[in-house]
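Residue-level listing of the chains:
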Amino acid sequence: MIDCYVPEWGWWSATHQCYFKLADPQPSLSDPNYPGGRIGQKLYRGVCYWPSPSPGNGWRLIWAWFADPPPGTPVTPEELAERAVDSMTLLGPDIHTSIRPGGMALVGVPVWLWTSTGPSRW
């Protein structure tokens, strides 16, 4: 059984068979010790299990750049809310009135307002 989170290693990614933890501090893109950095990506330290016939326990340390957190790493509630809002197609209300466009109304006389409903309106 593999734990989902180990404080020293980070969060488990079944896709990569690694634990990933965000490098802190993040290196600059010009740092020669971390080649391969790309704009918009962050550096993660990975502790991966790669079984091999050679002696040893199979755990290896890697460094990887990701634009998004590796699969399995948790997201904050704010990130989940942003994703939900971005995936929605929200339309404003379709408002109707009892006065014809360009028409006039009298003060003190009721004016009816209503909205249309539909798959993306209520």
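1. Observations concerning the side chain of Ser13
- Structurally, the position occupied by Ser13 is in strand β2 (residues 10–13).
- The contacts of Ser13, once residues within four sequence positions are left out, are Cys18, Phe20 and Pro71.

2. Remarks on the pairing of strand β4 (residues 42–49)
- Pairing of strand β3 (residues 18–22) with β4 involves 5 bridges; the strand directions are antiparallel. Counterpart to Cys18 in the pairing with β4 is Cys48.
- Strand direction decides the pairing type here: β4 and strand β5 (residues 59–66), joined by 8 bridges, are antiparallel. What sits directly across from Tyr49, in β5, is Trp59.

3. Some words on the confidence of the model for the chain
- Residues with a pLDDT of 70 or more make up 85% of the chain, whose mean pLDDT is 80.
- Highest mean pLDDT in the chain belongs to β3 (90); lowest belongs to helix α1 (residues 77–87) (81).

4. Re the sheet that holds β2
- Strand order in the open sheet made by the 5 strands is β1-β2-β3-β4-β5, with antiparallel pairing throughout. A single partner strand is all that each edge strand has here, and the edge strands are β1 (5–6) and β5.
- Pairing between β1 and β2: 2 bridges, direction antiparallel. Within β2, the residue paired with Tyr5 across the bridge is Trp11.

Cut-offs applied
Residues numbered from 1 in each chain as written. Predicted model: local features only at pLDDT ≥ 70, side-chain atom pairs only at ≥ 80, totals over all residues. Heavy atoms only, no water. Helix = DSSP H or I, 4+ residues; strand = E, 2+ residues; numbered from the N terminus. Contact = heavy atoms within 4.5 Å. Pairing = 2+ DSSP bridges. pLDDT = per-residue confidence, 0-100.

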